[in-house]
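The lines below spell out each chain.
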Amino acid sequence: MRILGLDCSARSASCAVVEEGVILAESFVNTKLTHSETLLPMIDGMLQAAKIDLGSVDLLAVTHGPGSFTGLRIGAAAIKGLCAGAGLPCVGVSTLEATAYNLAHGRGYVVPCMDARRNQVYTATFLADGSGALKRVSEDEAVAAEEALRFCSDEKMPIFLLGDGGRMCYTIHNGNVWVCLAPPHLLSTRGSAVAACAAAPENRRRAGDGAALALHYIRLSQAQRERQERQRLNGGM
């Protein structure tokens, strides 16, 4: 199966085409340019450079959250447009699970952390046994950075931190000798990891029409939280 995976859930953006575990092409940027400026040209350039026709792709995959509300919406819009134009199925995968696939062939706890601001992170805990498969230990959630490792119950098992909030969590938890920070080339979410995550049977079975793709923000946007607070102060009106 040939899968095109993309991610723009944080500051970086990446896309890749993977076929039966082999990366055919991949592109990654981490600049101040907005995803609306870079994403579609990056996908087009990658496909052209690799001489891959979109019609030869079997499945499109995108991170559906958590992450930047704007970034997630741009990624979803791009995938929906590609699905409609090429008549392809798509699947949304957890940003955290896709990021964890960077270290799926390691052994130990894999804890992706995304900066959720205010000293909080979006995080989940996975176990890697060296086979390339991941076992989910906890669900995606938003917690204080100090609580990111609370599901790592085996005190003698390595803990690998990654994601754009990985460095912040490492600074807090590096007193634990078992805590490691992923190297720079494995720290961010990659399009190839999104494709690998989408290829897992439980994710592949969820593939469907782009119109049904839904986003999973985990928590309300700042505007929604402020609206709720105003309603609370005004007695629910």
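None of the values given here were measured: they were computed from a predicted structure.

(A) Molecular detail of the sheet that holds strand E1 (residues 2-7). Overall, mixed pairing links the five strands, which are arranged E3-E2-E1-E4-E5 in an open sheet. Each edge of the open sheet carries a strand with a single partner, namely strand E3 (22-29) and strand E5 (90-93). Strand-to-strand, the axes of this sheet are offset by a mean angle of 15 degrees, without reference to chain direction. Taken strand by strand, helix H2 (residues 69-86) contacts E1, strand E4 (59-63) and E5, and its axis lies near 170 degrees from that of E4.

(B) Inspection of the layout of surface pockets at higher detail. Empty space within the second largest pocket amounts to approximately 430 Å³. In terms of lining residues, the second largest pocket is bounded by 22 residues, among which Val18, Gly21, Ser192, Ala195 and Ala196 are the most central. Every element with two or more residues in the lining of the second largest pocket is listed here: helix H5 (184-187), helix H6 (191-199) and helix H7 (201-204). Of the residues forming the lining of the second largest pocket, the biggest block, five residues, is contributed by H6.

(C) Region of the structure containing H2. With 18 residues, H2 extends 26 Å between its outermost C-alpha atoms, agreeing within 8% with the 26 Å of an ideal straight helix rising 1.5 Å per residue. For H2, the full list of buried residues reads Phe69, Gly71, Leu72, Gly75, Ala76, Ala78, Ile79, Leu82 and Cys83. Lining the buried residues of H2 we find E1, helix H1 (35-50), E4, E5, helix H3 (95-100) and strand E7 (120-123). Gly87, located one to two residues past H2, shows a positive phi value of around 65 degrees.

(D) Quick peek at the side chain of Thr189. In this fold, Thr189 is placed in the loop between H5 and H6. Classification of Thr189 as buried rests on a relative accessible area of 9%. Within the structure, the side chain of Thr189 is placed 2.7 Å from the side chain of Thr99, a separation counted as a polar contact. Those residues in contact with Thr189 that sit more than four places away from it in its chain are Asp7, Ser12, Ser14, Phe28, Thr63, Thr95, Ala98, Thr99 and Val194.

(E) Up close: the packing of aromatic side chains. Enumeration according to the criterion identifies one aromatic pair in this entry. Sitting over the face of the ring of Phe28, Arg190 holds its NZ or CZ atom 4.3 Å from the ring centroid.

(F) Up close: helix H4 (residues 166-173). All of the buried residues in H4 are Gly166, Cys169 and His173. Projected onto a plane normal to the axis of H4, the buried residues spread over an arc of 70 degrees and lie on a single side. Looking at the packing, one finds that the buried side of H4 touches strand E6 (107-117), E7, strand E11 (159-162) and strand E12 (179-181).

(G) The arrangement of the nonpolar core in detail. Ranked by size, the top nonpolar core spans 31 residues in total, and within it Val93, Tyr101, Val110 and Leu134 carry the most contacts. The set of elements that each furnish at least two residues to this core consists of E4, E5, H3, E6, strand E8 (126-129) and H6. Counting residues per element, this core draws most heavily on H6, at five residues. For Tyr101, the contacting residues outside a window of four places in its chain are Gly132, Leu134, Ala193, Ala196, Cys197 and Ala200. Among the nonpolar cores identified, the runner-up in size contains 25 residues, and Met42, Ile43, Ala76 and Leu88 belong to it.

Conventions we followed
Residues numbered from 1 in each chain as written. Predicted model: local features only at pLDDT ≥ 70, side-chain atom pairs only at ≥ 80, totals over all residues. Heavy atoms only, no water. Pairing = 2+ DSSP bridges. Helix = DSSP H or I, 4+ residues; strand = E, 2+ residues; numbered from the N terminus. Axes fitted to C-alpha atoms, helices over the stretch in contact; angles between N-to-C directions. Contact = heavy atoms within 4.5 Å. 1 Å grid on protein atoms, 1.4 Å probe; cavity = no way out; pocket = protein on both sides within 12 Å on 5 of 7 lines; lining within 4 Å. Points joined across faces, edges and corners; volume = space filled by probe spheres on them. Expected span 1.5 Å × (residues − 1). Buried < 20%, exposed > 50% of the residue type's maximum accessible area, 1.4 Å probe, protein only. Polar contact = N/O pair within 3.5 Å; in protein donor to acceptor, adjacent residues only side chain to side chain. Phe/Tyr/Trp six-rings, centres within 6.5 Å; stacked < 30°, edge-to-face > 60°. Lys NZ or Arg CZ within 6 Å of the ring centre and 35° of its normal. Arc of directions from axis to C-beta. Core = buried A, V, L, I, M, F, W, Y, C linked by side-chain atoms within 4.5 Å.

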